[in-house]
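# Fold and geometry: a report
Below, each chain spelled out in residue letters.
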Amino acid sequence: MRYPHTLHLVEQLPARRPAPTLHSRLAEYFERLPACPQVEDAIWDAWMHDGHEEAERALDRSAADIAARRYDIAETRLAILLRRRPGWAEAWNKLATLCYLQGRDDECVAAIHRALELEPRHFGALASLGEVLYSQGEIEPALLAFGRALRVHPHLGGARERVRELRPC
């Protein structure tokens with residue numbers, strides 16, 4: 001089994017607390033999420049917020065660079081940003097996304113691991129981990145990651161579909 005440290009972390013997530021530096025309203029948003037899927041947008045907004053305008057611009061620009069497939073520029077921006085803001089879970093998640101798109105699975109999982117250390121409720125990082133594991137044929141570990149994502153965000157369509165595909169009955 002690949003990534004045993006990250007899978008161990010995923011197993012422990014329900015007992016872990018988010019970093020104290022995260023947006024103060026996230027706990028409220030996560031409480032409301034099961035009954036109100038629209039709260040997901042507020043969660044993403046909170047994750048994108050750092051309280052430092054320049055850092056937030058850098059993260060926005062790196063996301064735009066990723067979308068435009070300017071991967072080298074995005075990676076440079078994220079490297080600088082993470083040196084300055086190593087405790088920002090969403091910056092790690094963006095780095096994971098970049099690595100995933102480039103097929104750099106080990107680096108992707110390392111960035112996901114760091115994001116989940118900081119924000120154990122990061123359903124996006126959990127779903128991404130599930131996709132990496134699924135692509136490697138690691139079905140049970142993928143199901144664990146997707147299951148944890150769904151425990152946090154029961155309306156996460158992509159994860160729910162993948163679980164149905166992997167465990168049809």
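For clarity, every value in this text was computed on a predicted model and none was experimentally measured. Residue numbers here run from 1 along each chain, matching the order of that chain's written sequence. Under the rules for a predicted model, residues below a pLDDT of 70 receive no local features and side-chain atom pairs below 80 are neither given nor counted, while totals for whole chains, interfaces and linings still include all residues. Only hydrogens and water are set aside; all other atoms, that is, all heavy atoms of the structure, feed into the side-chain values.

### Some points on the overall build of the protein chain
Our working rule: In this description a helix means any DSSP run of H or I spanning at least four residues, a strand means any run of E spanning at least two, and both kinds are numbered starting from the N terminus. This radius of gyration counts C-alpha atoms alone. The globule rule is 2.2 Å times how many residues there are, raised to the power 0.38. Each residue's exposure class comes from its accessible area (1.4 Å probe, protein chains only) as a fraction of the maximum for that residue type: buried when under 20%, exposed when over 50%, partly exposed otherwise. Whether two residues are in contact is decided by their heavy atoms, any of which lying within 4.5 Å being enough. Here the open area of atoms and residues is found with the Shrake-Rupley method and a 1.4 Å probe, where only the protein chains shown may cover a residue.
Within the protein chain, the regular secondary structure consists of ten helices and zero strands. Secondary structure elements in the protein chain, listed N-terminal to C-terminal, are α-α-α-α-α-α-α-α-α-α. Taking 169 residues into account, the globule formula puts the C-alpha radius of gyration at 15 Å, and the protein chain, at 15 Å, falls close to it. Taken over the C-alpha atoms alone, the protein chain extends approximately 50 × 35 × 25 Å along its principal axes. Every one of the 169 residues in the protein chain was classed for burial, and the buried ones make up 46%. Partitioning the contacts of the protein chain with sequence separation of at least 6, the portion at a separation of at least 24 is 59%. As presented, the protein chain carries roughly 8,900 Å² of accessible surface, and 50% of it is formed by carbon and sulfur atoms.

### Observations concerning the side chain of R162
As for its placement among the helices and strands, R162 is situated in helix α10 (residues 157–166). Leave out the neighbours within four places in its chain, and R162 touches E131, Y134 and F146.

### With respect to unusual backbone geometry
Its identity as a non-glycine residue notwithstanding, Y3 has a phi of 60°, on the positive side. Inspection of the secondary structure puts Y3 in the segment before α1 (4–12). Judged by relative accessible area, Y3 falls into the buried class, the value being 13%. Of note in the backbone geometry, R69 takes a positive phi value of approximately 60° without being a glycine.

### Thoughts on the environment of E165
Cut-off, in case you're wondering: Definition of a polar contact: a pair of N or O atoms within 3.5 Å, with one able to donate and the other able to accept a hydrogen when the atoms are protein atoms, and with sequence-neighbouring residues admitted only if both atoms are side-chain atoms.
When you line up the elements, E165 lands in helix α10. There is a polar contact of 2.7 Å between the side chain of E165 and the side chain of Y134.

### Details of the pattern of salt bridges
Any two side chains of opposite charge can pair, on the condition that their charged atoms come close. Short version of the rule: Any carboxyl oxygen of Asp or Glu that lies within 4 Å of a side-chain nitrogen of Lys or Arg is treated as forming a salt bridge with it.
As enumerated under the stated definition, the model contains 16 salt bridges in all. A salt bridge links D50 to R85; the shortest N-O distance between them is 2.6 Å. Separated by 35 residues along the polypeptide, D50 in the loop between α3 (39–48) and α4 (53–67) and R85 in the loop between α5 (71–84) and α6 (89–101) bring together distant segments of the chain. A salt bridge links E107 to R104, with the shortest nitrogen-to-oxygen separation between them at 2.7 Å.

### Observations regarding the packing of aromatic side chains
Which entries qualify depends on this criterion: Here a pair means two rings of Phe, Tyr or Trp (six-membered ring of Trp) with centres within 6.5 Å. Their orientation is stacked below 30 degrees between planes, edge-to-face above 60, and tilted elsewhere. Definition used: whenever NZ (Lys) or CZ (Arg) falls within 6 Å of the ring centre and also within 35 degrees of the ring normal, the charge is taken to sit over that ring.
Going through the model one piece at a time under the given rule, you end up with five aromatic pairs. Relative to W47, the ring of F30 lies with its centre 6.1 Å away and its plane at 45°, an arrangement referred to as tilted. Linking F30 in helix α2 (residues 26–32) with W47 in helix α3, this pair joins segments that are 17 residues apart in sequence. For the pair F30 and W47, a shared accessibility class is recorded, and that class is buried. Counting every residue linked through ring pairs, the aromatic cluster contains F30, W44, W47 and F123. The positively charged end of R162 is found above the aromatic ring belonging to Y134, 4.0 Å away from the centroid.

### Concerning the packing of helix α9 (residues 139–152) against α10
In helix packing, the relevant descriptors are the interaxial angle and the interaxial distance, both defined with respect to the helix axes. Rule in force here: In this description, a line fitted to the C-alpha atoms serves as the axis of each element, helices being fitted only across the stretch in contact, and the angle between N-to-C directions of two axes falls anywhere from 0 to 180 degrees. What makes a crossing left-handed is the near helix being turned counterclockwise from the far one by less than a right angle; a clockwise turn instead makes it right-handed. By the convention adopted, Pro, Cys, Tyr, Trp, Phe, Met, Ile, Leu, Val and Ala count as nonpolar, Lys, Arg, Asp and Glu as charged, and the other residues, Gly among them, as polar.
Contact pair α9 / α10: the axes reach a minimum separation of 9 Å and the direction vectors enclose 145°. The way α9 lies across α10 gives a crossing that is left-handed. Every residue of α10 that contacts α9 at I139, A142, L143, F146 and L150 is listed here: A159, R160, R162, V163 and L166. Grouping the amino acids of the contact of α9 with α10 by side-chain chemistry returns eight nonpolar, no polar and two charged.

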